[in-house]
Amino acid sequence: MNGVVNMEKGRDRTKTTRYSRKIGRMGNSLGISLPKMLAEKLNVVQGDEIEFIENDQGEIVIKKVRKSNLPENVRPEVLEAFYDIFNEDQDIFNDLRDR
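Worth saying up front: this structure is predicted, and the values here are computed from it rather than measured.

> It is not clear to me how the overall build of the protein should be interpreted in this structure. Could you clarify?
Counting secondary structure elements, the protein contains three helices and six strands. Element order for the protein, N to C, with α for helix and β for strand: β-β-β-β-α-β-β-α-α. By residue count, 7% of the 99 residues in the protein fall in the buried class. Sequence separation of at least 24 residues holds for 3% of the intrachain contacts in the protein that already meet a minimum separation of 6.

> I'm lost on unusual backbone geometry in this one. Help?
Peptide bonds are trans in most cases, and residues, glycine excluded, mostly fall at negative phi. Backbone geometry at Asn43 places phi at a positive 60 degrees, although glycine is not the residue there. Looking at the element boundaries, Asn43 is found in the loop between helix H1 (36-42) and strand E5 (50-54).

> Would you explain the pairing of E5 in this entry?
Look at any regular strand and the pattern is simple: side chains alternate between the two faces of the sheet. In this sheet, strand E6 (residues 60-64) lies alongside E5 in antiparallel orientation, the contact comprising five bridges. The partner of Phe52 across the bridge, within E6, is Ile62. The loop that links E5 with its antiparallel partner E6 comprises five residues; one of these, Gly58, has a positive phi angle of about 80 degrees.

> I tried to follow the pattern of salt bridges on my own but got confused; where do I start?
Two side chains carrying opposite charge are able to pair once their charged atoms lie near each other. The full count for this structure, using the stated rule, is two salt bridges. For Lys64, the salt bridge goes to Asp48, with nearest N and O atoms at 3.6 Å. Taken together, the residues span a long stretch of sequence, with Lys64 in strand E6 and Asp48 in the loop between H1 and E5 at a distance of 16 residues. Looking at Lys64, the relative accessible area reads 32%, which means it is partly exposed. Where Asp98 meets Arg97, a salt bridge forms, and the shortest distance between an N and an O atom there is 3.2 Å. Residue classification places Arg97 among the exposed residues on the basis of a relative accessible area of 59%.

> When you look at a nonpolar patch on the surface in this model, what are you seeing that I'm missing?
Taken together, the side chains of Phe82, Tyr83, Phe86, Ile92, Phe93 and Leu96 define a hydrophobic patch exposed on the protein surface, amounting to about 590 Å² of accessible area. The topology assignment puts Phe86 in helix H2 (residues 76-88).

What counts as what
- Residues numbered from 1 in each chain as written.
- Predicted model: local features only at pLDDT ≥ 70, side-chain atom pairs only at ≥ 80, totals over all residues.
- Heavy atoms only, no water.
- Helix = DSSP H or I, 4+ residues; strand = E, 2+ residues; numbered from the N terminus.
- Buried < 20%, exposed > 50% of the residue type's maximum accessible area, 1.4 Å probe, protein only.
- Contact = heavy atoms within 4.5 Å.
- Pairing = 2+ DSSP bridges.
- Salt bridge = Lys/Arg side-chain N within 4 Å of Asp/Glu carboxyl O.
- Patch = residues over 30% accessible without salt bridge, like charges linked within 9 Å, V, L, I, M, F, W, Y side chains within 5 Å.
- Areas by Shrake-Rupley, 256 points an atom, 1.4 Å probe, with all protein chains shown as cover.

Here it is in C-alpha cells:
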C-alpha cells in the first residue's frame, strides 16, 4: 500500500487520503519523508520550505512556504517579528477592525 490509504469519510462520501510514514533519525533531529503524491500536491521539491500549522482542533496542516520579495530596506527577521506580534495580538486587531 506504500503507506497511502484512500478512505471515504462520513455519510456524504467525501474522499480522504491518509499518508503514513515512520519517523527516522536525521542527525540530531527526527524527520519524515513525504510520499511522492503528497509532494506533488504540495508542489514541493528538494530545498523548498514547508510550514506546519496547528488549528483549533489540534490538527496539523502542512503548507508550502510562499517566498516573497522584500524591499531592500526590510530585513526578514523584522518581518518575522511583525508576524509573531500580529499572531499574538490577533484578537486585539480583530476587535479594532470590528469597531
